[in-house]
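If you want the building blocks of each chain, they are given just below.
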Amino acid sequence: MQSSSAIDLDPTDLRLLELLQADASLTNQALAAAAHTSPATALRRVRRLVDAGVIERRIALLDPGRLGAGLTALVELSLDRQGAEHLDAFEQRAAADAEVQQLWRVSPGPDFVLVVHCADMAGYQALVQRLFTQDANVRNVKAYFAVKRAKFDPRLVLRRPAAAGGTASR
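Residues numbered from 1 in each chain as written. Predicted model: local features only at pLDDT ≥ 70, side-chain atom pairs only at ≥ 80, totals over all residues. Heavy atoms only, no water.

### What to know about the nonpolar core
Grouped together as the largest cluster of nonpolar side chains are 19 residues, with contacts concentrated most on Leu 77, Phe 90, Leu 114, Val 116, Tyr 124, Leu 127 and Phe 132. Apart from residues no more than four positions distant in its own chain, Phe 90 is found in contact with Leu 77, Leu 79, Phe 112, Leu 131, Phe 132, Asp 135 and Val 138. Counting residues in hydrophobic clusters, the runner-up holds 12 residues, among them Leu 16, Leu 20, Leu 31 and Ala 32. (Core = buried A, V, L, I, M, F, W, Y, C linked by side-chain atoms within 4.5 Å. Buried < 20%, exposed > 50% of the residue type's maximum accessible area, 1.4 Å probe, protein only. Contact = heavy atoms within 4.5 Å.)

Structure below.
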């Protein structure tokens, strides 16, 4: 989890973020119209959200099925020594690997959970050699192979501030 402080977001900021999460390719004009604000306001607010780090980046999400699928695995990994330098060293190596899509340091249980996407089982085996087998500090690896993607939605639920006497809503 990122260790940065949250910034105050008003309803217009939240509308802009919801729209961008659904379609980051919207032009500023279309974004402003959908958010019921002026193009200048939309542009200024989006720039502020980018500068504040709320919007990390804008990307295209690809459909693995239309690209020949490949192999997705969720991997639990524990290290033998959990000193900060050992955790950081593994984290840096794993984060640098292109086939590691997500890397989470977790607690309790394993030290890390990885989501990896490889072309095939041979590609996964090569990743195992690169990241796990050659690292003497890797103690335990448990992999789960995806057989179906039932849901994939990277959007965050955005909560609006509670109105006086009301409750927060989506």
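### Some details on helix H2 (residues 28-35)
Here H2 has its buried residues at Leu 31, Ala 32 and Ala 35. The buried side chains of H2 occupy one side of the element, clustering within an arc of 95 degrees when seen end-on. Every exposed residue of H2 that faces more than 90 degrees away from the buried side is listed here: Gln 29 and Ala 33. Looking one or two residues past H2, His 36 carries a phi angle of roughly 60 degrees, positive in sign. (Helix = DSSP H or I, 4+ residues; strand = E, 2+ residues; numbered from the N terminus. Arc of directions from axis to C-beta.)

### Notes on the packing of H2 against helix H3 (residues 39-51)
Two elements in contact, H2 and H3, have axes whose closest approach is 8 Å; the angle formed by their N-to-C orientations is 100 degrees. Compared by their axis directions, H2 and H3 come out roughly perpendicular. Contacts between H2 and H3 pair Asn 28, Gln 29, Leu 31 and Ala 32 from the former with Pro 39, Ala 42, Leu 43 and Val 46 from the latter. Grouping the constituent residues of the contact of H2 with H3 by class yields six nonpolar, two polar and no charged. (Axes fitted to C-alpha atoms, helices over the stretch in contact; angles between N-to-C directions. Parallel < 35°, antiparallel > 145°, perpendicular 65-115°, else oblique. Nonpolar A, V, L, I, M, F, W, Y, C, P; charged D, E, K, R; others polar.)

### Some points on the pairing of strand E1 (residues 71-79)
By the bridge criterion, seven bridges tie E1 to strand E3 (residues 112-118) in an arrangement that is antiparallel. For Leu 74, the partnering residue across the bridge sits in E3 and is Val 115. Alignment of E1 against strand E4 (residues 138-145), held across seven bridges, turns out to be antiparallel. Across the sheet, the residue bridging to Ala 73 is Phe 145, located in E4. (Pairing = 2+ DSSP bridges.)

### Side note on the packing of helix H4 (residues 84-96) against helix H5 (residues 121-133)
Where H4 meets H5, the axes come as close as 10 Å, and the angle between the chain directions of the two elements is 160 degrees. In terms of orientation, H4 and H5 fall into the roughly antiparallel class. Two packed elements cross with a definite hand, and for H4 against H5 that hand is right-handed. Residues Phe 90, Arg 93 and Ala 94 of H4 pack against Arg 130, Leu 131 and Phe 132 of H5. Among the residues making up the contact of H4 with H5, the classes are represented as four nonpolar, no polar and two charged. (Left-handed = near helix turned anticlockwise from the far one by under 90°.)

### Section: a nonpolar patch on the surface
Together, Ile 59, Leu 61 and Phe 152 make up an exposed nonpolar region whose accessible area comes to about 310 Å². Relative to the elements of secondary structure, Leu 61 occurs in the loop between H3 and E1. (Patch = residues over 30% accessible without salt bridge, like charges linked within 9 Å, V, L, I, M, F, W, Y side chains within 5 Å. Areas by Shrake-Rupley, 256 points an atom, 1.4 Å probe, with all protein chains shown as cover. Salt bridge = Lys/Arg side-chain N within 4 Å of Asp/Glu carboxyl O.)

### A short note on the confidence of the model for the protein chain
Residues of the protein chain with pLDDT of at least 70 account for 91%, and the chain-wide mean is 91. Ignoring residues within four places in sequence, the model shows residues 164-170, a span with pLDDT below 50, making 10 contacts including any to other chains. (pLDDT = per-residue confidence, 0-100.)

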